[in-house]
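# Residue-level structure breakdown
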Amino acid sequence: RDRSKVKVIPGEGESGHALRVYDRDHSWRGIFQELDSRCFILGEEFTISAKFRLTDASLAGVTCDPNYQYNSNEGTQCPSVVVYGKKCANGDVYQQFWNAASDKTWNAEGWNNYE
């Protein structure tokens, strides 16, 4: 059974592309990408950056509070990024990252930076 659907849509400013995740059976279901651990070097650091836009089923913009950094499943928090480490030396790792961008505002009708 489908837990969510994904569709390619125009990106910010109608240039490029974006992925729309919709019809999710839980608010936390989103895009997943598995990376080959052989491509990582011990001690190497990465920056995660993206642009997010939240919409309702009719594609109208939705407001969230970027200063609320707790997942209560009430739908008030803005998007976050989760990194899972599987088969790590000390067991599996789960880390949730909230937006650290300096501008803590949310534009319900536009694309919002995530860093």
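Residues numbered from 1 in each chain as written. Predicted model: local features only at pLDDT ≥ 70, side-chain atom pairs only at ≥ 80, totals over all residues. Heavy atoms only, no water.

### Observations regarding the overall build of the protein
Just so we agree on the cut-off: Per the convention used, a helix needs a DSSP run of H or I reaching at least four residues, while a strand needs a run of E reaching at least two, with both numbered from the N terminus. Exposed residues in this analysis have more than 50% of their type's maximum accessible area, buried residues have under 20%, and partly exposed residues fall in between, with area computed by a 1.4 Å probe over protein chains only. In this description, contact between two residues means that some pair of their heavy atoms is separated by no more than 4.5 Å. For the area figures, the Shrake-Rupley method with a 1.4 Å probe applies, and any residue is considered shielded solely by the protein chains shown. Residues counted as positive are Lys and Arg, residues counted as negative are Asp and Glu, and His and the chain ends are not counted. Charge positions come from single atoms, namely NZ of Lys, CZ of Arg, CG of Asp or CD of Glu.
Check the secondary structure of the protein and you find 0 helices and 6 strands. Sequence-ordered secondary structure for the protein, helices as α and strands as β, is β-β-β-β-β-β. Classification of the 115 residues of the protein by burial places 18% in the buried group. Considering only residue pairs separated by 6 or more positions, the protein has 41% of its internal contacts joining residues 24 or more positions apart. Counting every atom, the protein has about 9200 Å² of accessible surface; 49% of that belongs to carbon and sulfur. Within the protein, one finds 13 positive and 16 negative side-chain charges whose respective centroids are separated by 7 Å.

### Considering the side chain of Asn112
Rule in force here: Nitrogen and oxygen atoms within 3.5 Å of one another constitute a polar contact, given that in protein one can donate a hydrogen and the other can accept it, and given that sequence-neighbouring residues count only through two side-chain atoms.
For Asn112, the position within the fold is in strand S6 (residues 112-114). Of the polar contacts made by the side chain of Asn112, one reaches the backbone nitrogen of Asn107; its length is 2.8 Å. Contacts of Asn112, omitting those with residues within four sequence positions, involve Ala50, Lys51, Phe52, Thr105, Trp106 and Asn107.

### With respect to the pattern of salt bridges
Our working rule: A side-chain nitrogen of Lys or Arg and a carboxyl oxygen of Asp or Glu constitute a salt bridge if their distance falls within 4 Å.
Here the structure, examined in full by the defined rule, presents 5 salt bridges. The salt bridge partner of Arg38 is Asp36, with a shortest N-O separation of 2.5 Å. Look at Arg38 and you get exposed, because its relative accessible area is 73%. Arg53 is paired through a salt bridge with Glu109; the nearest N and O atoms lie 3.7 Å apart. Of this pair, Arg53 sits in the loop between strand S3 (50-52) and strand S4 (81-85) while Glu109 sits in the loop between strand S5 (93-97) and S6, placing them 56 residues apart in sequence. Judged by relative accessible area, which is 30%, Arg53 ranks as partly exposed.

### Points about a nonpolar patch on the surface
The criterion, for reference: Patch definition: residues above 30% relative accessible area lacking any salt bridge, with like charges linked at up to 9 Å and the nonpolar side chains Val, Leu, Ile, Met, Phe, Trp and Tyr linked at up to 5 Å.
Taken together, the side chains of Val6, Val8, Leu19 and Ile31 present a nonpolar region at the surface, about 380 Å² in accessible area. Inspection of the secondary structure puts Ile31 in the loop between strand S2 (17-22) and S3.

### Focus on the environment of Lys7
Inspection of the secondary structure assignment puts Lys7 in strand S1 (residues 5-10). Contact partners of Lys7, with chain neighbours within four places excluded, come to Ala18, Leu19, Arg20 and Tyr22.

### Points about the pairing of S2
Regular strands show a simple pattern: their side chains alternate between the two faces of the sheet. For clarity, the threshold we go by: At least two bridges found by DSSP between two strands is the condition for calling them paired.
Taken together, the 6 bridges between S1 and S2 define a ladder with antiparallel strand orientation. Paired with Pro10 across the bridge in S2 is His17. Between S1 and S2, which pair antiparallel in sequence order, lie 6 residues; one of them, Gly13, sits at a positive phi of approximately 65°.

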